[in-house]
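Fold and geometry: a report
If you want the building blocks of each chain, they are given just below.
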Amino acid sequence: MKKIRIAIDGFSSCGKSTMAKGLARAIGYTYIDSGAMYRAVTLYAMRNGIFNGDTIDTGRLRRELPDIRVTFHLDPDTGLPETFLNGVSVERQIRSMDVSAKVSLVSALDFVRQAMVEQQRAMGEEGGIVMDGRDIGTTVFPTAELKIFVTASPEVRARRRYDELKAKGAEADYEQVLANVKQRDYIDQHREVSPLRKADDAILLDNTHLTREQQQAWLLERYNDVCHVEVEIDESSGFCFGVVTAINKAEEELAKGGTLYCLGDIVHNSREVERLKTIGLISINRDEFKHLHNARVLLRAHGEPPETYQIARENNIEIIDATCPVVLQLQKRIKREFQQDDDDGKQIVIYGKKGHAEVLGLVGQTDGKAIVLETPEEVSKVDLGRSVRLFSQTTKSLHEYQELGDYLRRNVAPGTTFQYYDTICRQVANRMPRLREFASTHELVFFVSGKKSSNGKVLFKECLDVNPNSHLIDSEEEIDPTLLRQAASIGICGATSTPNWLMEKVRTHILTLIGEAI
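Overview of the structure. Please read these numbers as outputs of a predicted model, since none were measured by experiment. (Residues numbered from 1 in each chain as written. Predicted model: local features only at pLDDT ≥ 70, side-chain atom pairs only at ≥ 80, totals over all residues. Heavy atoms only, no water.)

1. Focus on the overall build of the protein
In terms of helices and strands, the protein carries 20 helices and 22 strands. For 518 residues, the compact-globule estimate of 2.2 N^0.38 gives 24 Å, and the protein exceeds it by more than 25% at 34 Å. The 518 residues of the protein split such that 53% are buried. Sequence separation of 24 or more characterises 73% of the internal contacts of the protein that already satisfy a separation of 6 or more. Separation of charge centres in the protein, based on 67 positive and 76 negative side chains, amounts to 1 Å. (Helix = DSSP H or I, 4+ residues; strand = E, 2+ residues; numbered from the N terminus. Rg over C-alpha atoms; globule rule 2.2 N^0.38 Å. Buried < 20%, exposed > 50% of the residue type's maximum accessible area, 1.4 Å probe, protein only. Contact = heavy atoms within 4.5 Å. Lys, Arg positive; Asp, Glu negative; His and termini not counted. Charge placed at Lys NZ, Arg CZ, Asp CG, Glu CD.)

2. As for the sheet that holds strand E12 (residues 260–263)
Spatial strand order, E13-E12-E14-E15: four strands in an open sheet with parallel pairing. The strands lining the two open edges of the sheet, one partner per strand, are strand E13 (281–284) and strand E15 (318–321). With direction set aside, neighbouring strand axes in the sheet form an average angle of 35 degrees. As paired elements, strand E14 (residues 296–299) and E15 share four bridges and run parallel to each other. Bridging across to E15, leucine 298 finds its partner in isoleucine 320. Lying over the sheet, helix H13 (residues 306–314) contacts E12, E14 and E15, oriented at roughly 145 degrees with respect to E15. (Pairing = 2+ DSSP bridges. Axes fitted to C-alpha atoms, helices over the stretch in contact; angles between N-to-C directions.)

3. Observations regarding the packing of helix H1 (residues 16–27) against helix H9 (residues 212–226)
Closest axis-to-axis distance for the H1/H9 pair is 10 Å, and the angle between their directions is 55 degrees. If you check the angle between H1 and H9, you find them oblique. As H1 runs across H9, the sense of the crossing is right-handed. When H1 is examined against H9, the residues Thr18, Met19, Gly22, Leu23, Ala26 and Ile27 are found in contact with a partner set consisting of Arg212, Gln215, Gln216, Leu219, Leu220 and Tyr223. Taken together, the residues of the contact of H1 with H9 sort by class into seven nonpolar, four polar and one charged. (Parallel < 35°, antiparallel > 145°, perpendicular 65-115°, else oblique. Left-handed = near helix turned anticlockwise from the far one by under 90°. Nonpolar A, V, L, I, M, F, W, Y, C, P; charged D, E, K, R; others polar.)

4. Considerations on the sheet that holds strand E6 (residues 81–85)
With antiparallel pairing, the three strands of this open sheet are ordered in space as E5-E6-E7. If you trace the sheet from one side to the other, it starts and ends with strand E5 (70–74) and strand E7 (88–89), each paired once. Of the pairings in the sheet, the one linking E6 to E7 comprises two bridges and is antiparallel in character. Considered in E7, the bridge of leucine 85 is made with valine 88.

5. A word on the nonpolar core
Counting residues in each nonpolar core, the largest one holds 35 residues, and the members touching the most others are Val41, Ile56, Leu61, Ile68, Val112, Met131 and Phe141. The set of elements that each furnish at least two residues to this core consists of helix H2 (34–47), E5, helix H4 (97–107), helix H5 (110–123), strand E8 (129–133) and helix H6 (136–140). Here this core takes eight residues from H2, the largest share from any one element. The contacts of isoleucine 56, once residues within four sequence positions are left out, are Ile50, Phe51, Leu61, Leu105, Val106 and Leu109. (Core = buried A, V, L, I, M, F, W, Y, C linked by side-chain atoms within 4.5 Å.)

6. Comments concerning helix H14 (residues 325–339)
For H14, with 15 residues, the first-to-last C-alpha span of 21 Å sits near the 21 Å given by 1.5 Å per residue. Within H14, the full set of buried residues consists of Val327, Leu330, Gln331, Ile334 and Glu337. Within H14, the buried residues cover an arc of 135 degrees as seen down the axis, which keeps them to one side. Buried residues in H14 make contact with strand E16 (347–351), helix H15 (357–364), strand E18 (388–392) and strand E19 (418–420). (Expected span 1.5 Å × (residues − 1). Arc of directions from axis to C-beta.)

7. Some points on the side chain of lysine 346
Note on placement: lysine 346 falls in the loop between H14 and E16. Taking relative accessible area as the criterion, lysine 346 reaches 11% and is therefore assigned buried. A polar contact is formed between the side chain of lysine 346 and the backbone oxygen of glutamate 337, at a distance of 2.6 Å. Here glutamine 340 takes part through its backbone oxygen, which lies 3.2 Å from a polar atom of the side chain of lysine 346. Contact partners of lysine 346, with chain neighbours within four places excluded, come to Glu337, Gln340, Arg386, Ser387 and Arg389. (Polar contact = N/O pair within 3.5 Å; in protein donor to acceptor, adjacent residues only side chain to side chain.)

8. A look at the packing of aromatic side chains
Going through the model one piece at a time under the given rule, you end up with seven aromatic pairs. Residues phenylalanine 391 and tyrosine 421 carry aromatic rings whose centres are separated by 4.4 Å and whose planes lie at 5 degrees to one another, so their mutual orientation is stacked. Highlighted residues: phenylalanine 391 in strand E18 and tyrosine 421 in the loop between E19 and helix H17 (426–429), separated in sequence by 30 residues. Taking the relative accessible area as the measure of exposure, phenylalanine 391 reaches 1% and is therefore buried. (Phe/Tyr/Trp six-rings, centres within 6.5 Å; stacked < 30°, edge-to-face > 60°.)

9. A word on the pattern of salt bridges
Under the definition given, this model contains 32 salt bridges. For aspartate 54, the salt bridge is made with lysine 102, and the minimal N-O distance between the two is 3.0 Å. With aspartate 54 in the loop between strand E3 (51–52) and strand E4 (55–56) and lysine 102 in helix H4, the pair connects residues that are 48 residues apart, well separated along the chain. Accessibility expressed as a relative area gives 57% for aspartate 54, which makes it exposed. Among the salt bridges present, the one from lysine 452 reaches aspartate 265, with a minimum N-O distance of 3.4 Å. Taken together, the residues lysine 452 in the loop between strand E20 (444–448) and helix H19 (454–466) and aspartate 265 in the loop between E12 and helix H11 (270–278) connect sequence positions 187 residues apart. Owing to a relative accessible area of 55%, lysine 452 belongs among the exposed residues under this scheme. (Salt bridge = Lys/Arg side-chain N within 4 Å of Asp/Glu carboxyl O.)

10. Quick word on unusual backbone geometry
Even without glycine at this site, serine 13 takes up a positive phi of about 60 degrees. Looking at the secondary structure, you find serine 13 in the loop between strand E1 (5–10) and H1. At aspartate 367, a position not held by glycine, the phi torsion is positive, near 60 degrees. By secondary structure assignment, the location of aspartate 367 is in the loop between H15 and strand E17 (371–373).

11. Brief notes about the environment of cysteine 14
Looking at where cysteine 14 falls in the secondary structure, it is placed in the loop between E1 and H1. Counting along the chain gives 142 residues from cysteine 14 to valine 156, while the straight-line C-alpha distance between them is 8.5 Å. With sequence-adjacent residues up to four places away left out, cysteine 14 is seen in contact with Met19, Val150, Thr151, Ala152, Arg157, Arg160, Asn207 and Gln215.

In structure tokens form, the structure reads like this:
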């Protein structure tokens, strides 16, 4: 995202600096207090005898100006920028009434303004800055992408300045402060060099009756108007057909009343599991299932081994079978292959995650004899001197599975047979190229998935491969707000176990954080 320049101009004591600091902090930009630069030069002139009353020795100031160095550093205690004059902090001193009374005289000098403008332009060359002052939008950065002009009644500004001075323990008189505010207004508006005026394309902000919070919200809205942040949800992400069917069945059964159990979490997403729990779905583990009698139990989309159905028959458990049709077909193919006696030495090999619910169901079709490979690197578990029948968990990477198949085809011993069954779910596999394209077209990607989701890990890896600025999150609470500062295009996607309502919630939270929902 291209960083912009934000110019905030306006009358004295309008709170420009406070607003600019807050905005810079919120969007991760650098804050530059141009007024502090003129105040620092004024303080230097006062300390070094360049002032004689209200008269300035302009010749001497011109000669010494190249030796006046104004810099800004963050105060580690407050996190706010601090003004330094030739390496020494002068933040408190430049805010005194004495400096305030003379700064307009110094800032009106053309050679002083020229020198400060050159420094300011150098600071803002790369963008990503918020600068406030009197002529930032008209002289320093006339092409700034966002210009704000701030005003308020002289009485309100004087009261703010008076309260600020009293809070710092300084002696102050309200009438004197008001007179000073009006005097500065006149000087700023009538000086020959860069007089105070609103740039034609600046947005006017009258903050007479606004709180700081309201001003900050207004500024964020204007920033987002200029740097519109696109937040898009991947249409191909979210629940697959099998998960949608399982959840629909659960909701239908719960609507009938009575107790409904689910063997394992219905989906590998804690937020969706919690939602269904609130309407009555009770998740149980396998040990609890074995001791259950005379009950209704939902089998999720992952599928179950034969022994689960046997226990149900023995314990008079009514099964609500929501096994995904793709998984169910795969179970039948593996069972049929296992039971065929065409090759006594053949091995059933399943590419999948050990202990995963779907894999347990697949291995169960072979009486527990199938060999499970979690990664292609585990291929050494296969005896290449015997025939191989290769299957895969439906949600594994198609590319990795094909590589594994090619390796086995090339390396099985002569006289043995190798058969490869393409058992990857196409609804899942087809998401990968679409997901890669989606992730590559956004500057920042949030992949929403439960930490237990095997499919989520596979798909997130695809995102990360094409976009290193991809982040795996379980919910909106895990979003690091600092990641949003420099992204103009944010993508939200998820696993086959990620509900659409959760991705929508993540989008709303992001919009709130970047100020578009203010």
